[in-house]
Every structure is written in structure tokens, then in C-alpha cells.
Amino acid sequence: MHFLKVVLGWVIAFAVLLGGLLWYVDPRGQFGGGRFPTVTLDARRQKMDLFRAFEEQAPVQGLILGSSRSMKLDPAVFSERTGLRFFNFTVDAAKAEDYLAIYRWAKAQGAPIRRVMLGLDVEALHNDNALFTNFRHNPDLRRMLSAEQGGAALVGVEANVSRFKDMFTVEYLRDTFKVVAARARSEQKVPFMQFTANGYLHYPGRERQRAAGTFDLTQEVSACLPSYLNIYGGMQSLSPQRWGYLETLVREVQADGGQVEIWISPLHPATTELLANQTRYTQLLGQTRAALASLGRRTGVTVRDYASPERFGSNAQDWYDCAHIDNRGAELLSRRLLSEGKGDAPRSDRSPSSASGPLTVKGNPNGL
Amino acid sequence: MVFNSDIFLFAFLPVVFALFWLLREKQARYILLTVSGYIFYGYWDWRFCFLMLFSSLVSFGSGLMIQRAQDQKTKRAWMIGTICVDLALLGFFKYYNFFAESLHAVAPAFAPPLLNIILPIGISFYTFHTISYVVDVAAGRVRATSNIFEYLTYVSLFSQLVAGPIVRFRQIEADLERIDKPPQTDQMALGVGFFAVGLIKKVVIADTIARMVDPMLANHENLSMLGAWMAALGYTFQLYFDFSGYSDMAVGLGYLFGIRIPQNFNAPYKALGIGDFWRRWHISLSSWLRDYLYISLGGNRKGPTRTNINLIIVMLLGGLWHGANWTFVIWGAYHGVLLVIDRALQPWLTRWPPLLYRWSTFLLVIVGWVFFRSESLPMALDWLGKMVGVGTGTGDIPQTLMVMCVLCFVAVNTLPETWDIRFPKTVRWAPVYALGLFLAYLFMNGANSTFLYYQF
């Protein structure tokens, strides 16, 4: 027994030592250290901070929800067209639970939300029901679902335990070494993503490459295709639980006197083609369309299908990679969503806030 | 529950271990181990606990009846009756749909309906436990225990319940008898050592290889010739490090509770010949098949032809034991034929340079694993075809896989088997054990993996 006790004592000592190091370096920016650069961006946390500051200036009345695919939708454009003060609260790898939790959290901050614009990814209804890491680690958002998940206190504790537990992985250790080495080399890398005060996303590196004409879209698209194969490889059906979150969101916004608009978010045509050939994407998309149509009939929410770029007047060039539209694509999508009228065609990568005049949009808004 | 899960490592094991040390009475420890075994098993699906309990009670009662029987005929009747019950359960849950589907394919008019049967995890293992018990009691190799909890402990011992090794009652009877004695300090060191080595084999090596091989095989139509070989080689190492890692962990856990679980692997990829391979690979299964099936069929006592037939029958059934799929049947038949050839050519093969003999054996084993891993016969044939250059694609081969395969090849040919490691038993080595466990946990944490042999 003595031997076992000594071994366990050493295990605890190693855990404390490594845990302390990881917490201090904080390579994923989860503990607020800020002493080192971070390797990933926790959009949920960043946007919560940004939202608080934005809300302090004036009440937020409109929310753009969705995943990173909708991060390029400029709240300023929505504000200009609707007269409501919008914030883009889209977060990476958002699932249906994110939409509901974020709406409730924003409301809990005192925001009088009148309009919710939701870019729905088909995989946001993934049947695995697994919480994305950054959501799982976020006690504030997790507590917003406490009615569905059990006691709020326990959910918060579980989120924190999960955050600390997940530090002890080889990947986390590798990230720690990476940021320490970057600091040692005094590297000042251009951040991959950057949010403005209203939650709008910039890709500084990509935008510079675009401006310099060195951006390689083909390479970017092929690099991210495997991750989408991975996501859809395991998705067999729409999750009833996640569909429940979505429907609850719609009903809560409506009960609060607000308005919801939902659209199916787009994928690059190459991604759609690959997924259609190798996964159940086509069937899942069909099921999502049918379910949204039914939701629209039952609740009166506006639903649109922008699963492919031509549905909002875009094409295969308006992209940064296999799922993320660029500024031009985002402008087209925003205008179509807001059902704006006629004007000049947008220039590629023009900054949305400097966009002048309405866009030329032909055809119907592809309602379901 | 799996060994490499948080619930097992941070809740189940510490609680069971602490209670084991608090409860000093033999009977209390039997009850604790039995209850913990059923919780471990029921964590997957509690309903199947009743199936295991039924099988255990039947063999326990039968053991007592055999013990009390005055004549061989009665003993034999009890033994055969029990084996029939056990095999009926195994046959129904594991093979019913397989035979029904096969009949549907060849003679639909005679085929029974397909049923929605869930295969109870570990049924192949505990069925073999109970069969070996009644056979051993009937043969007088072991005395039937009259202590129901001692017997239930034997069948439901969580360390080897769902994926082996197949332990015979007589192998652990002495340890079960003295379970109330405190384990020696060196047993704790062995326990931690085996468990750490097993966990490292599993999460550091097997799981890393799996992450590269699985996607390749999911898209096997696109394998290049080299890719097909690398996938086969990768799986060869994955399976070995996965299953031998599990066995090491089972042995380690056994030591922590004062029970010595026998060796299940002995450097199988160093084997000289297929016969030697089966003396080194999944030893508890091959020795079970030898003692309870091959010898019962007459072994080598009825002439060379009958010996060969027996070998093929045993390997066929051994293949089928692994799963209700024609790929396993073919894998078993393949090894049966290889065993026959190996026996016939022994005088000639033994004159080969040992390294050449070893590596040709290894090559034959790799080819066999193609059937073992394939989900269907068409997949196996496609994969094998690509290995010989037929219908090859242009799929990528991860460079890490190649590096891992080279390292694993060197490791299995040079490093000692876990059982040959002389684990230091002094506390000054405790930091090394702790570091091993801690590093293994870093690899394990967050990864979602199970053991390959759970499916059998």
C-alpha cells in the first residue's frame, strides 16, 4: 500500500505542476492570463465580453446568430436597413444549444432583443448531441440551458471541471509549448481572426493576401474539406433534442415580442459536392428544409434556403475556404436577407462598412 | 465501462479499491468484487446482468451436482447439459442472425426470421469461463466451490470480464481462497507497472495508429498498393498493442486485488511458424481451444489426417468465436490451413534462418489480419487485391503511420514483452511509474476510444 500511495502522490504532484504551468501560459485563452499569445480563439467568451461593452453604450435590439459561417454578416448593414442596433453573436461551431443559450444570455444582460437573424448550419442539428468544447467549458452559457439540463449550479460546476480537466491532454501541452516558443522568438503573428466591437469578423491575414493577390482559394478549400467529411461522416439524422432547442428559441423570441428569421447557411459548391457523394448531407439537408418549412408554417417565422451560393446571387469565388463566405458573399447574403432592391454589383473584398449603394439582386429570395 | 475512462479511473476503481481494503473478511470481499463486477458490466446495459447471472448460477449449480454425482454418466450428463445451456445462450445472442441471414441468402424458404438482437458484451468470454469450470469439475481437475460468491467473483471479475483473458477457475482458485490476505508490496508495484504499460500501449500506440488506419480503411477503394500494405501493417500493430495493452491492464488490476491473472501474450510477432504464433497470441484463448476442443476432438491421437482435420475445425470455430461474420470464418480457416502446412513442413522450415522464418510468419499473419479487420468479404478481397496491385487507387499514406510502423516493427522485434520486464519494486521508482501513468492519461484524456476486443 505504501508503494501505491507514493505513486499516487507523485501523480498528483505531476498534475499540480503541469496544471500550474498550463494555467499560467493559458495557450487557449481560457483562464484570462493573457501573458502569452493564444493558439485558438474562444469566440463565445470574446463575444460575451464585446457584447457587454456594446450593450453598455446602447441597448442591443437585434442579434445575428449562427456559426462562423455567418460571422462575416456585418451588423452595421443590418442596423442601417432595419433601424435596430444589431450585434453579430455568431460563434464557432455553433449548434442549436448555442443559439438558445446566447439569446437567453443576451436577454439576461438586459438587451431588449426585437429581431433575431439566425444562420442555421445543417450540422447544428447533429445527432451526436455532443457539446462543442468551448460551449461545454462555458458555465455562463451552460447555465442558460439549466432548465433543460438540470440544476444551474451543477451545470456551472461541471463546465468548470470540464475546462480544467481538458487541460490535461497532449494537444493542450503541445499548444503550450507552441506559444512559449512563439514568445521566446518574439513572434508577432497577424491574428487569424479579429472581431470588431459589434461582433463583426475580420480575417486580417486573408484580407491582406486578398489585397496582395496572393490568396489561394483552391488550396484553402481543399485543406478544410476533410474536416467537413469528418463532421458529416458521423451525422445520420437531425437531433430531436437540438431541434427542440431551435423551436424553443423561436417560441421564446416570439413570446418576448420579437421576430425570428432563419436561413440555411451556405457551403462552398466543392464542399457540397464532396459531402453529397460521400455522406448523408443531401438527405440531411432535405430533412432540414422540410423541418424548417414545418416550423415556418407553425410559428410564422421567415425561413430561407441559402444552402448554395447561387441562391443568394453569389458564386464559387466569393469564399475564404470550403464554408466561409468572403465580404462580397456576405454582402450579397445580407442584402438578400434584408430583401433590399437594386443597385451596383459589389466589388470583391470591399469593406462592408464602406459599401456604397444597394446591390443588384435578381430572382426570388429562395424562401422555402 | 472501459478501463481508459474517467468514470473507471477516478470513481469506480478508487471506490472499489478503498472498499476492498476496508473489508477484510473473505466473504465481504467476494461480495464486493461480485457487486463491482456487475456494476462494471451493467454500466453498459444493466439488463444483460441477468443473462450473466443466469449463466453463472447454472454452471455453479451444475458444478455442485457434478461434484456430488457418484458415477461418470451423471457427471457427464450434468456437464453436457450445462454446456448446451451456455452454448445455446451464446448461439442465440451471437450467431442467430448470422445463420438466419446466411440461410436467407442461400435458402430463403428455410430461413428463420431475423431478430433485433443486441450482442451482450463479453458473452464469449464469460461463456468460456463457465464452460471451462464445469468441464474441469467433471474431469476432476478442480473441486467445485460451494461458495456462490467465490464463484460469482470468478465469473464477474471486472478486470477480465468483457475482453478477457479467459481465466480458468483453477488458475485463480488459490488466489481467491486467500483473498482476505493483504497483497504483498511487490504486487502493488506489479499492478501499477502492468497497468501503466498496458495503458501506454493502448492510448499512445494503438489509438495513434487507429486514427490513421481507420480513415484509410473507411475509404479502402482508394488505397494504393503501398497504402494497402501500410494499412495492413498498421492494423497488425494496432490490434497487438490494443489487445495486449488491455490484457496487461487486466493483469495489473488483478495484482491490485491480489489475483494473478495469467499471461495472454508472449511476443507473438517474434513467432517462428504459425503454431508458435498461436502459442504466443491470445494464449488464454488458444490454450482453451486446445484443452477443451482440440483434445476433445481427439487431438493428435487419431493419426495425421484426423489431426489436420481437428486443427482446421478448431481454428474455424476459433475464428467464428471472434464474431458472427464470414470474414472471421475465413480468417479461422486460413490459420487452420497454415497450421496444417506449418506442421507438415516443420522439418524443412526449421532449417531456415530464424529471422527469415520469423518474418515470413509475420507476413502470413498480416495477410490474415486483413480478413479479421474487414467488415465484409468484398472489402477483404478489395484490400487484398490492392496489396498485390489489383485495382489500386491514389489515396495518401500519412507519413506518421510509416514512422509508427517502423518504430513498432523495431519494438516488437527487440523490446521485451511486458511479462519479461523486471518491474522495480522499491519506492524510489515510484516517480517513474507515476510519470508513465500521467503521460498515458494525457494521451487518453479527451480521446474517445474503446478496446477492439470488446466487440467479441
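Residues numbered from 1 in each chain as written. Chains lettered and ligands numbered in written order. Predicted model: local features only at pLDDT ≥ 70, side-chain atom pairs only at ≥ 80, totals over all residues. Heavy atoms only, no water.

**Side note on the overall build of chain A**
Okay, step 1: The helix and strand tally for chain A stands at 15 helices and seven strands.
Okay, step 2: Expressed as a percentage of the 368 residues in chain A, the buried residues total 50%.
Okay, step 3: When contacts within chain A are restricted to residue pairs at least 6 apart in sequence, those whose partners lie at least 24 apart make up 75%.
Okay, step 4: As displayed, chain A has an accessible area near 15,600 Å², and 54% of this comes from carbon and sulfur atoms. (Helix = DSSP H or I, 4+ residues; strand = E, 2+ residues; numbered from the N terminus. Buried < 20%, exposed > 50% of the residue type's maximum accessible area, 1.4 Å probe, protein only. Contact = heavy atoms within 4.5 Å. Areas by Shrake-Rupley, 256 points an atom, 1.4 Å probe, with all protein chains shown as cover.)

**A short note on the interface of chain B and chain A**
Often the size quoted for an interface is simply the accessible area lost on bringing the parts together.
Okay, step 1: Listed by partner, the interface residues are 23 residues for chain B and 17 residues for chain A.
Okay, step 2: With both chains or domains summed, chain B and chain A bury close to 1,800 Å², and 82% of this area falls on carbon and sulfur atoms.
Okay, step 3: The interface formed by chain B and chain A includes one salt bridge.
Okay, step 4: The partner of Asp6(B) in a salt bridge is Lys165(A), with the nearest N and O atoms 2.8 Å apart. (Buried area = accessible area lost by both parts, 1.4 Å probe. Salt bridge = Lys/Arg side-chain N within 4 Å of Asp/Glu carboxyl O.)

**Re the environment of Thr82(A)**
All names here are of chain A.
Okay, step 1: The topology assignment puts Thr82 in helix H3 (residues 75–82).
Okay, step 2: According to the relative accessible area criterion, Thr82 is partly exposed, its value standing at 24%.
Okay, step 3: For the pair Thr82 and Ser237, spaced 155 residues apart in the sequence, the C-alpha separation amounts to 36 Å.
Okay, step 4: Setting aside chain neighbours within four positions, we find Thr82 in contact with Arg115 and Leu338.

**Structural notes on the state of the cysteines**
Structurally, a disulfide amounts to a covalent bond that connects the sulfur atoms of two cysteines.
Residue and element names in this part refer to chain A.
Okay, step 1: Taken as a whole, this structure holds one disulfide over all chains when the rule is applied.
Okay, step 2: Across the disulfide, Cys224 is cross-linked to Cys322 (sulfur-sulfur distance 2.0 Å). Taken as a pair, Cys224 in helix H11 (residues 217–233) and Cys322 in the loop between strand S7 (302–305) and helix H15 (327–337) lie far apart in primary sequence, 98 residues in all.
Okay, step 3: Of the residues examined, Cys224 reaches a relative accessible area of 15% and is grouped as buried. (Disulfide = S-S within 2.5 Å.)

**Digging into the nonpolar core**
Okay, step 1: With 162 residues, the main nonpolar core has Phe8(B), Phe158(B), Phe237(B), Tyr269(B), Trp369(B) and Trp383(B) as its most contacted residues.
Okay, step 2: Looking at this core, the element that brings in the most residues is helix H9 (residues 225–256) of chain B, giving 17 residues.
Okay, step 3: Apart from residues lying up to four places away in sequence, Phe237(B) is in contact with Ile209(B), Tyr269(B), Phe362(B), Cys405(B), Cys408(B), Phe409(B) and Val412(B).
Okay, step 4: Residues Ile64(A), Tyr245(A), Leu249(A) and Val260(A) belong to the second largest nonpolar core, which totals 85 residues. (Core = buried A, V, L, I, M, F, W, Y, C linked by side-chain atoms within 4.5 Å.)

**Quick word on H3(A)**
Residues and elements named next belong to chain A.
Okay, step 1: All of the buried residues in H3 are Pro75, Val77 and Phe78. Angular distribution of buried residues about the axis of H3 spans 160°; they occupy a single face of the element.
Okay, step 2: Structurally, H3 contributes buried residues whose contacts are with strand S1 (62–66), strand S2 (86–88), strand S3 (115–120) and H15.
Okay, step 3: In this structure Asp74 caps H3, since a side-chain oxygen of it lies 3.0 Å from the backbone nitrogen of Ala76.
Okay, step 4: Gly83, located one to two residues past H3, shows a positive phi value of around 80°. (Arc of directions from axis to C-beta. Polar contact = N/O pair within 3.5 Å; in protein donor to acceptor, adjacent residues only side chain to side chain.)

**Some remarks on the confidence of the model for chain B**
Okay, step 1: When pLDDT is averaged across chain B, the result is 89; 97% of the residues are at 70 or more.
Okay, step 2: Quick note on the complex model: pTM equals 0.76, ipTM equals 0.77. (pLDDT = per-residue confidence, 0-100.)

**Focus on the confidence of the model for chain A**
Residues and elements named next belong to chain A.
Okay, step 1: The predicted model of chain A averages 85 in pLDDT, with 90% of residues at 70 or higher.
Okay, step 2: Of all secondary-structure elements in chain A, the lowest mean pLDDT belongs to helix H7 (residues 146–149), at 70, while S2 reaches the highest, 97.
Okay, step 3: Low pLDDT, under 50, characterises residues 340–368; the stretch is placed with 61 contacts to residues that sit more than four places away or in other chains.

**As for the sheet that holds S3(A)**
Residue and element names in this part refer to chain A.
Okay, step 1: If you walk across this open sheet you meet the five strands as S2-S1-S3-S6-S7, and the pairing is parallel. Of all the strands in the sheet, just S2 and S7 have a single pairing partner and so form its edges. Averaged over all neighbouring strand pairs, the angle between strand axes comes to 15°, with direction disregarded.
Okay, step 2: One ladder, built from five bridges, connects S1 with S3; its direction is parallel. Opposite Gly62, over in S3, you have Arg115 as the bridge partner.
Okay, step 3: Contacting S1, S2 and S3, H3 runs over the sheet at an angle of about 155° to S2. (Pairing = 2+ DSSP bridges. Axes fitted to C-alpha atoms, helices over the stretch in contact; angles between N-to-C directions.)

**Some details on the pattern of salt bridges**
All names here are of chain A.
Okay, step 1: Tallying each qualifying case throughout the model produces 46 salt bridges over all chains.
Okay, step 2: One salt bridge connects Arg52 with Asp49, and the closest N-O pair in it is separated by 3.1 Å. Here Arg52 pairs with Asp49, and both are found in helix H2 (residues 43–57), just three residues apart, close to one helical turn.
Okay, step 3: Residue Asp49 is classed as partly exposed on the basis of its relative accessible area of 48%.

**Looking at the packing of aromatic side chains**
All names here are of chain B.
Okay, step 1: Overall, the coordinates contain 77 aromatic pairs over all chains when judged by the stated rule.
Okay, step 2: A centroid spacing of 5.6 Å and a plane angle of 25° characterise the contact between Phe8 and Phe12, whose relative ring orientation is stacked. Of the two residues, Phe8 and Phe12 both sit in helix H1 (residues 6–22), four residues apart, roughly one turn of that helix.
Okay, step 3: Of the residues examined, Phe8 reaches a relative accessible area of 0% and is grouped as buried.
Okay, step 4: Residues Phe92 and Tyr96 carry aromatic rings whose centres are separated by 5.7 Å and whose planes lie at 45° to one another, so their mutual orientation is tilted. With Phe92 and Tyr96 both in helix H4 (residues 72–106) and four residues apart, the pair spans about one turn of that helix.
Okay, step 5: Given the relative accessible area of 36%, Phe92 is considered partly exposed.
Okay, step 6: Here the guanidinium or amino end of Arg29 rests over the ring plane of Trp21, the centre of that ring lying 5.9 Å away.
Okay, step 7: Its guanidinium or amino end placed over the ring of Trp321, Lys94 lies 5.4 Å from that ring's centre, counting from NZ or CZ. (Phe/Tyr/Trp six-rings, centres within 6.5 Å; stacked < 30°, edge-to-face > 60°. Lys NZ or Arg CZ within 6 Å of the ring centre and 35° of its normal.)

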